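Residue strings, one per chain:
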There are 2 protein chains.
Amino acid sequence: MADEERPAELDFWSFIELAHHRLATEYGFRHQLATEVLLTLNRASDLVTYDLESAVHRPRGLSWSSFRLLFVTWLAGPLEPKRAAVLTGMSRAAVSNLSKPLVADGLLERSPGEHDGRSVLLSLTEHGHRTMEELFGAHNEREYQWTSVLSETEQRILVMLLNKLITNRDQFDLRERS
Amino acid sequence: MADEERPAELDFWSFIELAHHRLATEYGFRHQLATEVLLTLNRASDLVTYDLESAVHRPRGLSWSSFRLLFVTWLAGPLEPKRAAVLTGMSRAAVSNLSKPLVADGLLERSPGEHDGRSVLLSLTEHGHRTMEELFGAHNEREYQWTSVLSETEQRILVMLLNKLITNRDQFDLRERS
DNA sequence: GAGATTTAATTAAGGCATTTACTATCTCAC
DNA sequence: GTGAGATAGTAAATGCCTTAATTAAATCTC
């Protein structure tokens, strides 16, 4: 059974192998391993995120982004929208837009800042707090289902390698959200 | 210098530590390492993707998604929109929408399928092919900048661990795009 | 302390991807 | 072969997130 003759089995995940193979043999690109690492990283992240969103959050009426905002507010709040934007990795405008329905649903609260008339503080309501405990419980169980194929040591190595991958982002002019 | 008193240094990346710490000490969640692994995975993927998109693809007038579609068409094409959707991880409708401007710009070509009157084949034009070689060159250089903090062995371990993380996705009722 | 600059948040407009609904074609059962 | 159901692709509507413009309040300069 020749390896080149199995297009029918190709899917989102295994496409990485095809890419690696063709980039190596047909084009003279120098850094195939870099492509393989980052494609794998992206696709793993997408698969897990899509699964968590559709299994845990959508059924409860929340988007992935809403969850992220509630999550940082839960753990780092009360905080200003600007800081929530940094911690979630969204724009400030996105935080503002996402807040609206969450406030209307009674999960999130906005109160004027203490020392700055422009500022606002986001915090969870009592209901929001209880919701997060239940919600994160379900989220965390499913996270565990995903990660439990790896031993604890493997998980720590994975975290360590990803941390290392990211640490030199200062060494070149990284593009970040403003 | 107490660890609890450094909120000013907290950013998108280091938020993971705060989450880990609070989930461990203040809430009784069982699977903190799972959360740490998947938060790290997501944030690393988001950082790299955002950087590649804004440094390489946006300046050339392409979105990240457009690049993904061109990339799979380049390496696995000519192919049907349905297969392009599977390989990119988008919906068929997204492929249809994305194709339109790419065809208009002369990068992509649609031709009627051979054996099926409903079907269509997507392929790169000659211009699209040349564009991808230049574009992927730039993309690949920047990928290399990212990954070169890791040794070749570390990169292979990372790929292996991510592969392992994904392999048991069949063991529970994974949610995938239809 | 008045005017200019900077900063926080929101609003507005636009882009992109998703879901849902629709059309056309194919397959299969009878 | 005819009709029911499945499948490919597209179109329409919706949602989310981005950038740019706007409003308001702080700070800095002289």
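Provided above is the structure to which this section pertains.
The rules behind these values
Every chain begins its residue count from 1, and numbering advances along the sequence as written. Chain letters and ligand numbers both follow the written order, the letters beginning at A and the numbers at 1. Note on the predicted model: pLDDT of at least 70 is required for a residue's local features to be given, and 80 or more for side-chain atom pairs to be given and counted; whole-chain, interface and lining totals, by contrast, use all residues. Processing note: side-chain calculations cover all non-hydrogen atoms of the structure and skip hydrogens and water entirely. Put simply, a nonpolar core is a bunch of buried Ala, Val, Leu, Ile, Met, Phe, Trp, Tyr and Cys residues held in one set by side-chain atoms that sit within 4.5 Å of each other. Under the scheme applied here, a residue whose accessible area is under 20% of the maximum for its type counts as buried, over 50% as exposed, and between as partly exposed, the area being computed with a 1.4 Å probe on protein chains only. We call two residues in contact when some of their heavy atoms are within 4.5 Å. In this analysis an axis means a line fitted to C-alpha atoms, helices contributing only their contacting stretch, and an angle means the value between N-to-C directions, from 0 to 180 degrees. Helix numbers and strand numbers start at the N terminus; a helix is a DSSP run of H or I with at least 4 residues, a strand a run of E with at least 2. By the definition adopted for this analysis, an angle is roughly parallel if under 35 degrees, roughly antiparallel if over 145, roughly perpendicular if from 65 to 115, and oblique otherwise. Should the near helix be turned counterclockwise from the far one by less than a right angle, the crossing is left-handed, whereas a clockwise turn marks it as right-handed. The classification used treats Ala, Val, Leu, Ile, Met, Phe, Trp, Tyr, Cys and Pro as nonpolar, Asp, Glu, Lys and Arg as charged, and all other residues, Gly among them, as polar. Here the copies are matched by least squares. The fit uses the C-alpha atoms of residues with pLDDT of at least 70 in both. A patch consists of residues exposed above 30% relative accessible area that lack any salt bridge, with like charges linked at up to 9 Å and nonpolar side chains (Val, Leu, Ile, Met, Phe, Trp, Tyr) linked at up to 5 Å. Working definition of accessibility: Shrake-Rupley area with a 1.4 Å probe, residue cover restricted to the visible protein chains. The term salt bridge refers to a side-chain nitrogen of Lys or Arg lying within 4 Å of a carboxyl oxygen of Asp or Glu. Defined here as a combined quantity, buried area equals the accessible surface (1.4 Å probe) lost by two parts on assembly, summed across both. Counting of polar contacts relies on pairs of N or O atoms within 3.5 Å, with two restrictions inside protein: one atom must be capable of donating a hydrogen and the other of accepting it, and residues adjacent in sequence are counted only when both atoms are side-chain atoms.

A. Representation of the nonpolar core in the model. Membership of the largest hydrophobic core comes to 106 residues, with the highest contact counts inside it found for Phe71(A), Trp74(A), Phe71(B) and Trp74(B). Beyond its immediate sequence surroundings of up to four residues, Trp74(A) is in contact with Leu124(A), His129(A), Met132(A), Glu133(A), Phe136(A), Arg22(B), Leu23(B), Tyr27(B) and Phe29(B).

B. Examining the packing of helix H7 (residues 152-167) of chain A against helix H7 (residues 152-167) of chain B more closely. Relative orientation of the contacting elements H7(A) and H7(B) amounts to 125°, with a least axis distance of 10 Å. Accordingly, the angle class assigned to the pair H7(A) and H7(B) is oblique. Between H7(A) and H7(B) lies a crossing whose hand is left-handed. Across the interface between the two elements, Glu154(A), Ile157(A), Leu158(A), Leu161(A), Leu162(A) and Lys164(A) from H7(A) touch Glu154(B), Ile157(B), Leu158(B), Leu161(B), Leu162(B) and Lys164(B) from H7(B). The class makeup of the residues in the contact of H7(A) with H7(B) is eight nonpolar, no polar and four charged.

C. Region of interest: the relation of the copies chain A and chain B. In the superposition of chain A on chain B (RMSD 0.1 Å, axial shift 0.0 Å), the rotation amounts to 180°. Taken together, the rotation angle and the small translation identify this as a two-fold axis. Interface residue correspondence from chain A to chain B reaches 99%, placing this contact among same-surface, isologous pairings.

D. A look at a nonpolar patch on the surface. A cluster of nonpolar residues, Ile157(A), Met160(A), Ile157(B) and Met160(B), forms a patch on the protein surface that exposes about 320 Å² of accessible area. Contributing elements (two or more residues each) for the nonpolar patch: H7 of chain A together with H7 of chain B. Inspection of the secondary structure puts Ile157(A) in helix H7.

E. Geometry of the interface of chain A and chain B. Of the residues lining the interface, 81 residues belong to chain A; the matching set on chain B comes to 80 residues. Between chain A and chain B, a total of about 8300 Å² is buried, with carbon and sulfur atoms accounting for 68% of that surface. Counting every contact that joins chain A to chain B gives two salt bridges. Lys164(A) is the partner of Glu154(B) in a salt bridge, and the nearest nitrogen-oxygen pair spans 2.9 Å. There are 18 residue pairs in polar contact (both at pLDDT 80 or more) connecting chain A and chain B. With 21 residues, the single largest contributor to the side of chain A that touches chain B is helix H2 (residues 32-57) of chain A. When its residues are assigned to classes, the side of chain A that touches chain B shows 44 nonpolar, 17 polar and 20 charged.

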